[in-house]
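The chain contents come next:
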Amino acid sequence: MKSKLELTHIGRDSFDRPVYECNGTLYVDVDPRKHMPAEICTKSNNEFDREPDWPIGENAEVTFIPERDIW
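Procedures and definitions
- Residue numbers run consecutively from 1 along every chain, following the written order of its sequence.
- Per-residue local features are limited, in this predicted model, to residues with pLDDT of at least 70; the limit for side-chain atom pairs, both in listing and counting, is 80 or more; totals at the level of whole chains, interfaces and linings are taken over all residues.
- Just so you know, side-chain values use all the structure's heavy atoms and leave hydrogens and water out.
- For this text, the term disulfide refers to a pair of cysteine sulfurs within 2.5 Å.
- Numbering of helices and strands starts at the N terminus; helices are DSSP runs of H or I of at least 4 residues and strands are runs of E of at least 2.
- When DSSP finds two or more bridges between a pair of strands, those strands are recorded as paired.
- The angle between two axes is taken between their N-to-C directions and runs from 0 to 180 degrees, where each axis is a line fitted to C-alpha atoms and a helix contributes only its stretch in contact.

*Asks:* It is not clear to me how the state of the cysteines should be interpreted in this structure. Could you clarify?
*Replies:* Here, the word disulfide means a covalent bond between the sulfur atoms of two cysteines. Using the criterion set out here, one finds zero disulfides in the structure. The thiol of C22 is unpaired, and the distance to the nearest cysteine sulfur, on C41, comes to 15 Å.

Shown next, in the form of structure tokens:
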């Protein structure tokens, strides 16, 4: 069963990566290039400017609100 994440864009971190929030957890798109699929990871210690932590995995269905922020 796929988990569903509705990721709300909240800004860009100090590395210019888009940061999203869902249910109090922060996520980052580590490769937000237009021609690449989203590569979403949690943020280390759930802190805005921390490094990416764990990938969400292939079993997650992601919706971006309002849309995916890309380079």
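*Asks:* I tried to follow unusual backbone geometry on my own but got confused; where do I start?
*Replies:* Here the residue pair I65 and P66 is connected by a cis peptide bond, since its omega of 0 degrees sits within 30 degrees of zero. Along the chain, P66 falls in the segment after strand 6 (60–65). Not every positive phi belongs to a glycine, and D16 is a case in point at roughly 65 degrees. Checked against the element boundaries, D16 lands in the loop between strand 1 (3–12) and strand 2 (18–22).

*Asks:* Explain the sheet that holds strand 4 (residues 40–43) here, please?
*Replies:* Strand pairing in a sheet takes place through backbone hydrogen bonds and is either antiparallel or parallel in direction. Read from one edge of the open sheet, six strands run 5-4-3-2-1-6, paired in mixed fashion. Strands at the two margins of the open sheet, each flanked by one partner only, are strand 5 (52–55) and strand 6. Taken over all neighbouring pairs, the strand axes of this sheet differ in orientation by 40 degrees on average, direction set aside. Where strand 1 and strand 2 come together, four bridges link them in antiparallel fashion. Bridge pairing links R12 to P18 in strand 2.

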